[in-house]
Amino acid sequence: MSAKDSVVLSDMKPGSRGKVVRISAKGPLRRRILDMGLVSGVEINVKGVAPLGDPMEILVRGYSLSLRKQEAAEIHVEVM
Amino acid sequence: MGLTYQSVGIPATREMFNVKVTDNRSVIALAGNPNTGKSTLFNALTGLRQHTGNWPGKTVLQSKGSFIYKGREYTVVDLPGTYSLLANSVEEQVARDFICFAKPDTTVVVVDATCLERNLNLVLQVMEITEKVIVCVNLIDEARRKKLNVDIQKLSELLGIPAVATAACTGEGLPQLLDLISQVVCGDLKPKPKLVHYSSELENAISKLEPKIKEVLGAELNSRWVALRLLEGDKTLIESLEKFYSQEMIKATREVLA
Amino acid sequence: MSCRASLGVLMKEAREIIGICQDEVRHSIVNSIYQSAESIAAGTVSSKAGKNMDWDRRIDRVLTSPVWGFPIMFGMLTVILWMTITGANIPSAILAQGLFWIEERLTELFIAVGAPAWLHGFLVLGVYRGAAWVVSVMLPPMAIFFPLFTLLEDLGYLPRVAFNLDRFFKGAGAHGKQALTMSMGFGCNAAGVIACRIIDSPRERLIATLTNSFVPCNGRFPTLIALATVFVGSSAASMSSAAAALSVAGLVVFGIAITLLISWLLTKTLLKGIPSSFTLELPPYRKPQIVQVIVRSVLDRIIFVLTRAVIIAAPAGGIVWILANTMIGDTSILAALAGWLDPFARHLGLDGFILLAFILGLPANEIVFPILIMSYVSGGVMMELDSLEALRRLLVDQHGWTWLTALCTMLFVLCHWPCGTTLFTIQREQRSWYWMAVAAVIPTVVGIVVCITVNYLVRALGLI
Ligand SMILES: Nc1nc2c(ncn2[C@@H]2O[C@H](COP(=O)(O)OP(=O)(O)OP(=O)(O)O)[C@@H](O)[C@H]2O)c(=O)[nH]1
Ligand SMILES: [Mg+2]
């Protein structure tokens, strides 16, 4: 798996799109992320950030999910 | 060794969930992702007034109600909304344990018609635990408003279980749902869930484990599902098994001695 | 061999068979399930939407914008409070007049049948009046505030509040969903405590539980509203209810600030830890079924208040009457108790009767203010309290209230021990007497500290 053109989700700007390539979180956080439908291969859309810059809101599998940047930093995305 | 307390008919563990156990009373569980309208549907079915609200997590206490349809009495249990049944949280464990151990006569999985993909995740998981599943595609009015069309017939075929479209807050589709529930409960309609196939690696492991699980648990739980939980190292399931069956066993011995 | 043991053995065996780590097994399982879900969804859902007008996104862009996000939250709260204040005025007056008219008729009846004075006192001036006060002061604001709040809830605004505020909660070492549990606390703190179950991390759930009572519940709002109307609202007639609404909204914001501060302190002391993860689905906005929601929640509130009036306020009224009319020497028990509390209460900017009302109001917050009025009235001349103006005369002219007394009382309404029901709920949810005690001590200490500070600061600055 090439990691060269992948970025972490927390670095993506509102309005950008991408495909999840890898989740580096471990344990319960990883399980939580997976259960919300964020598995590798899924397409995501960054919708925006909260007034104070954190958390962020993304569109995945047709619904809006908010997550903290700290968690988003564990999700590696290939920008499209 | 096998478990000696093979249940016949009504699972005895059901009593542990404070569900009244009588012969002429069937238990229906409402499962589903948060905010899909379970409580709204519960209210529509039972005439009760559970609180509802447009945010995930409104219901945290499991509530019960009942209704009578075609001369049969039904107890409905409104389970907390969960995204999965893999026991990452207390709610998920509660919902899972209810389906596993109270063994509802039918589990209605309420899904959001506007967000089917994510909701199917849970449907597929429930199907692995029990065959008696109905999928209730709720919020169909919202889907129409967003110009989404859900092919209910096809959905039912692909999943192998009965499906119905509803709008819980207007009562649309409720008669069909009631009809399906009673058919599944009576056994007139036998859902044949089409289960997820896993990687060959996993499938191999599952087939090696299944017979051994059957030896321990008999037909109490679906052995394929238990195998998957063992493979991913889910300790909460073992704890729950202990909790529900050891008490059961104690009770059984007491009855024998008395 | 128990089934735990044999399954434990099987789990070990499972690990050997599969050979890869359990996290990876989980990933592979979830992956396969989602692949099935994707293909099924693709085969059944078709979209006829042409150019998609994403209204949700547009609304969100405003409601969660860096510039407008917070002002809109504050604005919505103020508008709801303003509607409550203006809307509650008239029904409150009508209810009060009606209920006091009935009281007079009851009195006539008691005289006509020649009932002893103590029976009339206990039943009419105590039990009946207690219930009547709760109904007339508490019911109208509750029956307006709650439906409006429910409409916001059904619209889907609450998750956006949590989204906007999460950064603060993260800073305090708490969970963003705490904002949701606080929202439920507006309705009833016991419900707020139960709602804490949505927070997975036990540490953060406990923080949310311990701080929930800093949100004024429906039993406390009417008191705040009544005091704000009497003391802030009486100045400029046209702007009065807006000013009163603003001051109550300001108090709510103060409560949120205290919540964050205490959460942060707990994170640093009793409940050390780092914030866990936060994921929250933001549901689409939905048009609520307005008429149905309003009718239902108004009815809900009426039933709720009437039941509480009968179960709690009526007996409390009876007890207060007995305390006020049983003499030890030449003072009543009530006055003696108040006199005993008075020196301490003065430090807080209150008086003995106010503090006593809070103590007697432990079973339910909505009886605090009625108890206070009853104990004030019982000592002095009888008067008709059927308007806010009369209430002002009672507090200011007869009992020497200043705006500082009102401010300190409002602050103490916001920060004091949770009501009995809430404490009981905390005990049940946490299965711990210790945490229940902590939940009672924290807001009480905060209330005492805040009131003393405000009281002495205002006096030192010569503002009064
Ligand atoms: N338009 C429309 N709205 C619905 C329908 N069913 C439910 N709702 C609304 O959707 C929101 C969520 O409904 P609930 O019944 O509280 O959902 P729930 O599944 O119990 O949610 P949790 O308790 O959080 O798991 C409420 O605001 C309902 O009024 C429906 O069929 N159509
Ligand atoms: Mg619900």
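Residues numbered from 1 in each chain as written. Chains lettered and ligands numbered in written order. Predicted model: local features only at pLDDT ≥ 70, side-chain atom pairs only at ≥ 80, totals over all residues. Heavy atoms only, no water.

(A) Representation of the sheet that holds strand 4 (residues 56–60) of chain A. One open sheet holds the 7 strands; their spatial order is 1(A)-6(A)-2(A)-3(A)-4(A)-5(A)-2(C), and the pairing between them is antiparallel. The sheet terminates laterally at strand 1 (6–8) of chain A together with strand 2 (279–282) of chain C, the two strands that pair on one side only. Averaged over neighbouring strand pairs, the angle between their axes works out to 40° when direction is ignored. For strand 1 of chain A and strand 6 (residues 75–79) of chain A, the ladder comprises 3 bridges, and the chain directions are antiparallel. When the sheet's bridge partners are listed, S6 of chain A is paired in strand 6 of chain A with E78 of chain A. (Pairing = 2+ DSSP bridges. Helix = DSSP H or I, 4+ residues; strand = E, 2+ residues; numbered from the N terminus. Axes fitted to C-alpha atoms, helices over the stretch in contact; angles between N-to-C directions.)

(B) Broad picture of the interface of chain B and chain C. Every contact between the two is made by 68 residues of chain B and, on the other side, 58 residues of chain C. Between chain B and chain C, roughly 5,800 Å² of surface is buried when both sides are summed, and carbon and sulfur atoms account for 62% of that area. On the chain B side of the contact with chain C, R49, N54 and W55 of chain B bury the most area, a combined 13% of that side's loss. Linking chain B with chain C are 6 salt bridges. A salt bridge links R118 of chain B to E281 of chain C; the nearest nitrogen and oxygen atoms lie 3.3 Å apart. Linking chain B with chain C are 18 residue pairs in polar contact (both at pLDDT 80 or more). Elements that contribute at least two residues to the side of chain B that touches chain C include exactly helix 2 (90–102), helix 3 (116–129), helix 4 (140–145), strand 6 (148–150), helix 5 (152–159), helix 7 (200–217), helix 8 (223–231) and helix 9 (235–257) of chain B. The element contributing the most residues to the side of chain B that touches chain C is helix 7 of chain B, with 8 residues. Class assignment of the residues belonging to the side of chain B that touches chain C gives a composition of 31 nonpolar, 16 polar and 21 charged. By the bridge criterion, 3 bridges tie strand 6 of chain B to strand 1 (residues 45–47) of chain C in an arrangement that is antiparallel. (Contact = heavy atoms within 4.5 Å. Buried area = accessible area lost by both parts, 1.4 Å probe. Salt bridge = Lys/Arg side-chain N within 4 Å of Asp/Glu carboxyl O. Polar contact = N/O pair within 3.5 Å; in protein donor to acceptor, adjacent residues only side chain to side chain. Nonpolar A, V, L, I, M, F, W, Y, C, P; charged D, E, K, R; others polar.)

(C) Here's a closer look at the nonpolar core. Counting residues in each nonpolar core, the largest one holds 131 residues, and the members touching the most others are L81, L210, F369 and W401 of chain C. Among the elements that line this core, the one with the most residues is helix 5 (residues 117–155) of chain C, at 15 residues. Apart from the residues lying within four places of it in its own chain, the contact partners of F369 of chain C are V137, M138, T223, A226, L227 and L391 of chain C. Listed in part, the 97 residues of the second largest apolar core include Y63 of chain A together with F98, C100 and A113 of chain B. (Core = buried A, V, L, I, M, F, W, Y, C linked by side-chain atoms within 4.5 Å. Buried < 20%, exposed > 50% of the residue type's maximum accessible area, 1.4 Å probe, protein only.)

(D) Expanded view of the coordination of the magnesium ion (ligand 2). All names here are of chain B. Looking at the magnesium ion (ligand 2), one finds its protein donor set to be S39 (OG) and T59 (OG1), positioned 1.9 to 2.0 Å from the metal centre. Here the residue S39 occupies a position in helix 1 (residues 38–46), and T59 occupies one in the loop between helix 1 and strand 2 (63–69), the gap between them amounting to 20 residues. The exposure classification of S39 matches that of T59, with both residues buried. (Donors = N, O, S within 2.8 Å, 3.2 Å for Na, K, Ca; no water.)

(E) Representation of the pattern of salt bridges within the structure. All told, the structure shown has 32 salt bridges over all chains when counted by the stated rule. Between K170 of chain C and D54 of chain A there is a salt bridge, with its nearest N and O atoms 3.3 Å apart. On the criterion of chain membership, the pair formed by K170 of chain C in helix 6 (residues 158–171) and D54 of chain A in the loop between strand 3 (43–49) and strand 4 is interchain, its members lying in two chains. Taking relative accessible area as the criterion, D54 of chain A reaches 6% and is therefore assigned buried. For the salt bridge of R145 of chain B with E142 of chain B, the shortest nitrogen-to-oxygen distance reads 3.2 Å. Separated by 3 residues within a single helix, R145 of chain B and E142 of chain B lie in helix 4, roughly one turn from each other. Given a relative accessible area of 11%, E142 of chain B falls into the buried group. What you see here is one network of salt bridges that share partners, running through R32 of chain A, E92 of chain B together with D200 of chain C.

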